[in-house]
Amino acid sequence: MAKLTKEEVKHVAHLARLAITDEDAEKFAEQLGKITDFAEQLNELDTTNVKPTSHVLPIVNVMREDVAQKGLDREVMMLNVKEQEAGQVKVPPILED
């Protein structure tokens, strides 16, 4: 694979809205070149009998049943409320007229 130039790195940084210096662009071009060289080495491996995986371990999600449970009684919950009005929690307004 062709080595990335400093100008290409600066262009990608611009697209990502990242401000980088010429010195950084040169350093990143070298580092990205090493990464792409390594990826090319991986392409040389024979993977014909290897099944695709998304994770190296056979992990499955363990979820609990989504069952409704009784919450706090209103009277108990209202004991912790600073201000209330008509049985509801009163909060400061977040929108102004």
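Another point: the overall build of the protein chain. A tally of helices and strands in the protein chain yields three helices and two strands. Secondary structure elements in the protein chain, listed N-terminal to C-terminal, are α-α-α-β-β. For a compact globule of 97 residues, the expected C-alpha radius of gyration is about 13 Å, and the protein chain comes in at 29 Å, more than 25% above that figure. Projected onto the principal axes, the alpha-carbon positions of the protein chain cover approximately 70 × 50 × 20 Å. In the protein chain, which comprises 97 residues, the proportion classed as buried is 8%. When the accessible surface of the protein chain is totalled, it reaches about 10000 Å², and 56% of it is carbon and sulfur. Charged side chains of the protein chain number 12 positive and 19 negative; the gap between the two group centres comes to 4 Å.

On to helix H2 (residues 22-43). With 22 residues, H2 should cover 32 Å at 1.5 Å per step; its first-to-last C-alpha distance of 31 Å lies within 8% of that length. The set of residues buried in H2 consists of Ala25, Ala29, Gly33 and Thr36. Taken down its axis, H2 places every buried residue within 85 degrees of arc, on the same side. Those residues of H2 that are exposed and aimed more than 90 degrees away from the buried face are Glu23, Lys34, Ile35 and Gln41. Among the structural elements, helix H1 (6-15) are those in contact with the buried residues of H2.

Chain-level statistics for the protein chain give a pLDDT mean of 89 and a share of 97% at 70 or above. Within the protein chain, no element has a lower average pLDDT than helix H3 (residues 74-78), which sits at 89, and none a higher one than H1, at 94.

For side chains bearing opposite charge, pairing can occur when the charged atoms are close. Counting across every chain of the model gives four salt bridges. Put simply, Asp73 and Lys70 hold a salt bridge, and the shortest N to O gap is 2.9 Å. Taking the relative accessible area as the measure of exposure, Lys70 reaches 70% and is therefore exposed. Between Lys90 and Glu85 there is a salt bridge, and its shortest N-O distance comes to 3.4 Å. On the accessibility criterion, Lys90 (42% relative accessible area) is partly exposed.

One non-glycine residue with positive phi stands out, namely Arg17, at about 60 degrees. Of note, Arg17 is situated in the loop between H1 and H2.

The next thing to look at is the environment of Ile20. Among the structural elements, Ile20 can be located in the loop between H1 and H2. By relative accessible area, which is 22% here, Ile20 ends up partly exposed. Residues Ile20 and Val9 lie eleven residues apart in sequence; the distance between their C-alpha atoms is 9.3 Å.

The next thing to look at is a nonpolar patch on the surface. There is a patch of nonpolar side chains on the surface, built from Leu4, Phe28, Leu32 and Ile35 and spanning about 310 Å² of accessible area. The residue Leu4 is located in the segment before H1 in this model. Given the relative accessible area of 33%, Leu4 is considered partly exposed.

Thresholds applied
- Residues numbered from 1 in each chain as written.
- Predicted model: local features only at pLDDT ≥ 70, side-chain atom pairs only at ≥ 80, totals over all residues.
- Heavy atoms only, no water.
- Helix = DSSP H or I, 4+ residues; strand = E, 2+ residues; numbered from the N terminus.
- Rg over C-alpha atoms; globule rule 2.2 N^0.38 Å.
- Buried < 20%, exposed > 50% of the residue type's maximum accessible area, 1.4 Å probe, protein only.
- Areas by Shrake-Rupley, 256 points an atom, 1.4 Å probe, with all protein chains shown as cover.
- Lys, Arg positive; Asp, Glu negative; His and termini not counted.
- Charge placed at Lys NZ, Arg CZ, Asp CG, Glu CD.
- Expected span 1.5 Å × (residues − 1).
- Arc of directions from axis to C-beta.
- Contact = heavy atoms within 4.5 Å.
- pLDDT = per-residue confidence, 0-100.
- Salt bridge = Lys/Arg side-chain N within 4 Å of Asp/Glu carboxyl O.
- Patch = residues over 30% accessible without salt bridge, like charges linked within 9 Å, V, L, I, M, F, W, Y side chains within 5 Å.

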